[in-house]
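Fold and contact review
Below are the chains, spelled out letter by letter.
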Amino acid sequence: MKYLPLVWSQLFRRKTRTVLTLLSVLVAFLLFGLLQAVQIAFESGADSADAKRLLTTARYSIIEPLPMSYALRMERVQGVVAVAYADWFGAKYQNESNAFAVFAVDPARYLDMYPEFEIAPAQREAFMKTRTGAVAGKRLMDRYGWKVGQKLPISSEIHAKTDGSLDWEFDLVGVFDAEDPAVRANTDVVLINVAYFDEARQSGRGKTGWYITRIADADQARTIAADVDRLFMNSPDETKTAPEKEFAVGFAKQIGDLGALVTRILLAVFFTILILTGNTMAQAIRERIPELAILKTLGFSNVTVTALVLGEAALLLGIGATLGMLTAVSIIPGLNSATGGRFPPLFVHAETFVLAAVVALALALAVGLPPALRVHRLRIVEALAGHR
Amino acid sequence: MNVLVEIRGVTKTYRRGGEIIEVLHGIDLDIPRGDFVALMGPSGSGKTTLLNLIGGLDTPTSGTITVDGQRIDRLGGGDLARWRAAHVGFVFQFYNLLPVLSAQRNVELPLLLTRLSAAERRRHAEIALALVGLRERAKHKPKELSGGQEQRVAIARAIVSDPTLLVCDEPTGDLDRATAHEIMLLLQMLNREHGKTIVMVTHDPKAAGYARRGLRLDKGTLAVTNDLAAS
């Protein structure tokens, strides 16, 4: 720590150059934070997937509905423990930009299927008993300032009521949340009681969007999935069943291989930063060769002077990375609001911070080592020639 | 006579291209503790090379250099750096202060290598700056000081860790006559009142006049010895 004022002073000896370099590092890590958040958000379904859950959709298109009656038949498949189903409602709240997911579900089946969604027992009970009942994820509740007990007016883009109206109203009877950030990303959703929804909708009665199956043994997932699909083979509504994680990954890949895309963008960004900061460091050290020779003259060992140069690189990357990540954290709530719930909510994971620290450290070593080694090899007598 | 620096048969050769150049040819020299030696001679005579060897900035090709009973010609890079930090203070023609640090921080630099606390380092630096008459300039950066003041700060930095030996390379070479006089009086005071042994390279006979004795190097050989104090 006693060397910090020295390293700090050296780093900021040319303020404009250092500030510009810091800004470029900041922008790089801001991009890193945001892109990681986007990637994690789109892959969060896969992260929170349970190996003992299968998803069943219509064989040829996930938007084709399936009969609700399948639930009873699926329950009889060997290895199946429970079955739940959900249907896509396509909701808007107040205006076009406030869009979020609303699923029509059998309350007991669905909440039993997702025990990671935490809900007060009394509210769960109320959801099961209230035909017009709805429960919402806590983040949505906070975003729109909803209170349990209020009416929840939402419009559907898909389902009209029997009177032809697309405007629905539910009783908000509960709120659910999750501790795990990956699971919480999936709680930006409103669940409505399918009993009322199915009765009140104009068309599509007796149909649902997809099934979720809990199985006893994750190792039997493929066999059970095949058994389920075999059950409905050659029927008008053939099915396609897959482990939840596989389904989530496949869904994410429909918008492209986000992971590979993010990795390529970040590689390009960090390569640019490597060149930029490497050049800055090399130039900064080159200008200070006589001063570094003086430090050696005063008794600073080769190791100490080398560490000072590396420390300068680490400080530069560390400040830039910290500011970049903090900027990402500070603007993400605004981005989440701007998307109006159309995309999974973004947040910066603890793992992203750790990864940012590792990247910053690696960059610091990459840009700091060449000038540091040059300083390590520096011969005092030669470096001081002409500067005595 | 209590000898502080004992040099025996020291040679120094450099390789320049394919040619080997011997800069010092078998130097023998004793510098007593408390001495103030002015090392003079024409350019290329080996003055600075000899000074570098005495200050532990370079090692001889052959021969021995013993300072305060320690064979510094046998020390490796790390040990030599530690030895310099503990025993030698350096003063250069162009001051060589770090421009980004205040006078106080420049003076504190050698103390970063000690176990002193920040408060103790600050106090030692204040004392050194007071000794060279610059206590009130402690917060100033080098560019805010005159040449003479910069050299005083450099001298404060050289003495702050209370070294046995001060090595000065043309300490007045960049100063006007009046300022050079002040700097030489300061060095003389450090020698006479604080007992610092000083070895100084200079081209300036007037500066050399402040030393106790003068040594003349010519083509790598110690040629003439003058007892300047006596004259």
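Data block above holds the structure.
Topic: the pairing of strand 10 (residues 189-193) of chain A
All names here are of chain A. For strand 10, a buried count of five out of five residues is recorded, marking the element as mostly surrounded by other parts of the structure. Of the two faces of strand 10, the one lined by Val189, Leu191 and Asn193 and the one lined by Val190 and Ile192 are each fully buried. Where strand 5 (residues 95-105) and strand 10 come together, five bridges link them in parallel fashion. Note on strand 10: the bridge partner recorded for Phe103 is Leu191.

Examining helix 11 (residues 258-287) of chain A
Between its terminal C-alpha atoms helix 11 of chain A stretches 43 Å, which fits the 44 Å expected from 30 residues at 1.5 Å a residue. Those residues of helix 11 of chain A that sit buried are Phe270, Ile273, Thr277, Thr280, Met281, Ala284 and Ile285 of chain A.

Looking at helix 1 (residues 4-11) of chain A
Taken together, the buried positions of helix 1 of chain A are occupied by Leu6, Gln10 and Leu11 of chain A. Viewed end-on, helix 1 of chain A has its buried residues packed into an arc of 130°, placing them on one side of the element.

Points about the sheet that holds strand 1 (residues 3-16) of chain B
Residues and elements named next belong to chain B. The strand order 2-1-4-5 describes an open sheet built from four strands, whose pairing is antiparallel. Lying at the two open borders of the sheet, with one neighbouring strand each, are strand 2 (19-32) and strand 5 (70-71). Both strand 1 and strand 4 (residues 62-67) contribute to a ladder of five bridges, which runs antiparallel. Bridging from a neighbouring strand, Ile7 pairs with Ile65 of strand 4.

Here we look at the interface of chain B and chain A
Listed per partner, the contact involves 25 residues of chain B and 20 residues of chain A. Across the side of chain B that touches chain A, the residue classes break down as 14 nonpolar, five polar and six charged.

Considerations on unusual backbone geometry
All names here are of chain B. At Asp68, a residue that is not glycine, the phi angle is positive and equals roughly 50°. Checked against the element boundaries, Asp68 lands in the loop between strand 4 and strand 5. Asp68 sits in the partly exposed class, given 17 other C-beta atoms within 10 Å. Residue Lys219 is not a glycine yet carries a positive backbone phi of 50°. Its place among the elements puts Lys219 in the loop between strand 9 (213-218) and strand 10 (221-226).

Remarks on the nonpolar core
If you look at the biggest cluster of nonpolar residues, it comprises 116 residues, and the most contacted ones within it are Val37, Leu39, Ala156 and Val199 of chain B. Examining the composition of this core, we find that twelve residues originate from one element, helix 2 (residues 15-47) of chain A, more than from any other. When neighbours within four sequence positions are excluded, Leu39 of chain B is seen to be in contact with Lys47, Leu50, Leu51, Val199, Met200, Val201, Leu215 and Leu217 of chain B. The next biggest cluster of nonpolar side chains, apart from the first, holds 55 residues, and it includes Ala104, Tyr114, Trp168 and Phe247 of chain A.

Digging into the packing of helix 5 (residues 147-159) of chain B against helix 6 (residues 177-192) of chain B
Residue and element names in this part refer to chain B. Axis separation between helix 5 and helix 6 bottoms out at 9 Å; the angle between their running directions is 15°. By the angle between their axes, helix 5 is roughly parallel relative to helix 6. Considering only the axes of helix 5 and helix 6, their crossing is right-handed. Of the residues in helix 6, those touching helix 5 at Gly147, Gly148, Gln151, Arg152, Ile155 and Ile159 are Thr179, Glu182, Ile183, Leu186 and Leu190.

Calculation criteria
Residue indices begin from 1 for each chain and proceed along its sequence in written order. Going through the entries in the order they are written, you letter the chains from A and number the ligands from 1. Totals for whole chains, interfaces and linings use all residues, but because this is a predicted model, local features are given only for residues with pLDDT of at least 70 and pairs of side-chain atoms are given and counted only at 80 or more. Each residue is classed by its C-beta neighbour count within 10 Å, where at least 20 other C-beta atoms makes it buried, 12 or fewer makes it exposed, and intermediate counts make it partly exposed; the C-beta atoms are placed from backbone geometry. Helical segments are the DSSP runs of H or I of at least four residues, strand segments are the runs of E of at least two, and each set is numbered from the N terminus. One bridge is not enough; two strands pair if DSSP finds at least two bridges between them. For a helix, the expected span equals 1.5 Å multiplied by the residue count minus one. Think of it as the arc spanned by the lines of direction from the helix axis to the C-beta atoms. By definition, residue pairs are in contact when their C-beta atoms, positioned from the backbone, come within 7 Å. Three classes are used: nonpolar for Ala, Val, Leu, Ile, Met, Phe, Trp, Tyr, Cys and Pro, charged for Asp, Glu, Lys and Arg, and polar for all others, with Gly counted as polar. To define a nonpolar core, we join buried Ala, Val, Leu, Ile, Met, Phe, Trp, Tyr and Cys residues through C-beta atoms within 7 Å and take the resulting set. Axis angles are defined between N-to-C directions and span 0 to 180 degrees, where every axis is a line fitted to C-alpha atoms and, for a helix, only to the segment in contact. Each angle is binned into one of four classes, with values under 35 degrees roughly parallel, values over 145 roughly antiparallel, values of 65 to 115 roughly perpendicular, and all other values oblique. Left-handed describes a crossing whose near helix is turned anticlockwise from the far helix by less than a right angle; the clockwise case is right-handed.

Structural measurements only, silent on function.
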